[in-house]
Amino acid sequence: FETEEHTLRELRIFLREICKKLANNRLFYMFTKPVDTEEVPDYPTIIKQPMDLETMMTKVDFHQYECAKDFLNDIELIVQNALEYNPAKTSADKQIRHRACSLRDYAFTLIKNEMDSDFEDKCQDISKKR
Ligand SMILES: COC(=O)N1C[C@@H]2C[C@@H]3O[C@]2(Cc2nccnc23)C1
């Protein structure tokens, strides 16, 4: 009911802030938009569930995250996709894997430092009973 909607609205405001901070960090530019399948035609043959920060911002706006855990699951999807598609010993692949690991640590740490754990618990309780 009403107070639950207030809680989820506050979650969306918080998640937009996090998403913006990550997308504005130049280290993570390769994660800000979907991989261009015109430029990289084999990408969809290898990565079955693409994810990127612009798509995540849209998911926030479409009320597709009910708690921070769900948001961090999509961050983890970005990371795993990058590790899977870029496994080589080359410096290019090594750099994108390193950036993916940095993205994960930044996202989890930002949320842990800036989110009240009771607020996340409340969001997860709402999410579980829906
Ligand atoms: C999250 O981003 C990625 O996993 N990738 C992998 C692709 C391979 C390589 O780098 C990417 C984009 C790209 N475009 C043109 C030619 N080659 C590339 C970014």
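Below, the structure is looked at part by part.

Criteria and cut-off values
Sequence order sets the numbering: in each chain, residues are counted from 1 along the sequence as written. The predicted origin of the model limits local features to residues at a pLDDT of at least 70 and limits the giving and counting of side-chain atom pairs to 80 or more, whereas totals for whole chains, interfaces and linings rest on all residues. Computation of side-chain values: all heavy atoms of the structure, hydrogens and water removed. For helices the rule is a DSSP run of H or I covering at least 4 residues; for strands it is a run of E covering at least 2, with both sets numbered from the N terminus onward. The length a helix should cover is 1.5 Å for every residue beyond the first. Accessibility here uses a 1.4 Å probe with only protein chains present; expressed as a share of the type maximum, an area under 20% marks a residue as buried, one over 50% as exposed, and anything in between as partly exposed. Residues count as neighbours in contact if any of their non-hydrogen atoms are within 4.5 Å of one another. Whenever a carboxyl oxygen of Asp or Glu lies within 4 Å of a side-chain nitrogen of Lys or Arg, that contact is scored as a salt bridge.

**Remarks on helix 4 (residues 68-85)**
- Here helix 4 spans 26 Å end to end across 18 residues, near enough to the 26 Å set by a 1.5 Å rise per residue.
- Among all positions of helix 4, only Ala68, Phe71, Leu72, Asp74, Ile75, Leu77, Ile78, Val79, Asn81 and Ala82 are buried.
- The inward-facing, buried residues of helix 4 contact helix 1 (2-23), helix 2 (43-46), helix 3 (53-61), helix 5 (91-114) and helix 6 (117-128).

**Here we look at the pattern of salt bridges**
- Applying the stated rule across the entire model yields 8 salt bridges.
- A salt bridge links Glu114 to Lys21, with the nearest nitrogen and oxygen atoms 3.0 Å apart. Here Glu114 is found in helix 5, whereas its partner Lys21 is found in helix 1, with 93 residues between them in sequence.
- A residue is classified by how much of its surface remains accessible, and Glu114, at 37% relative accessible area, is partly exposed.
- The exposure class assigned to Lys21 is partly exposed, which follows from its relative accessible area of 41%.
- Here Arg104 makes a salt bridge to Glu76, at a shortest N to O gap of 2.9 Å. Of this pair, Arg104 sits in helix 5 while Glu76 sits in helix 4, and the two are 28 residues apart along the sequence.
- With a relative accessible area of 23%, Arg104 lands in the partly exposed category.
- We classify Glu76 as partly exposed; its relative accessible area is 23%.
- If you follow the salt bridges from partner to partner, you end up with Glu4, Glu5, Lys129 and Arg130 in one network.

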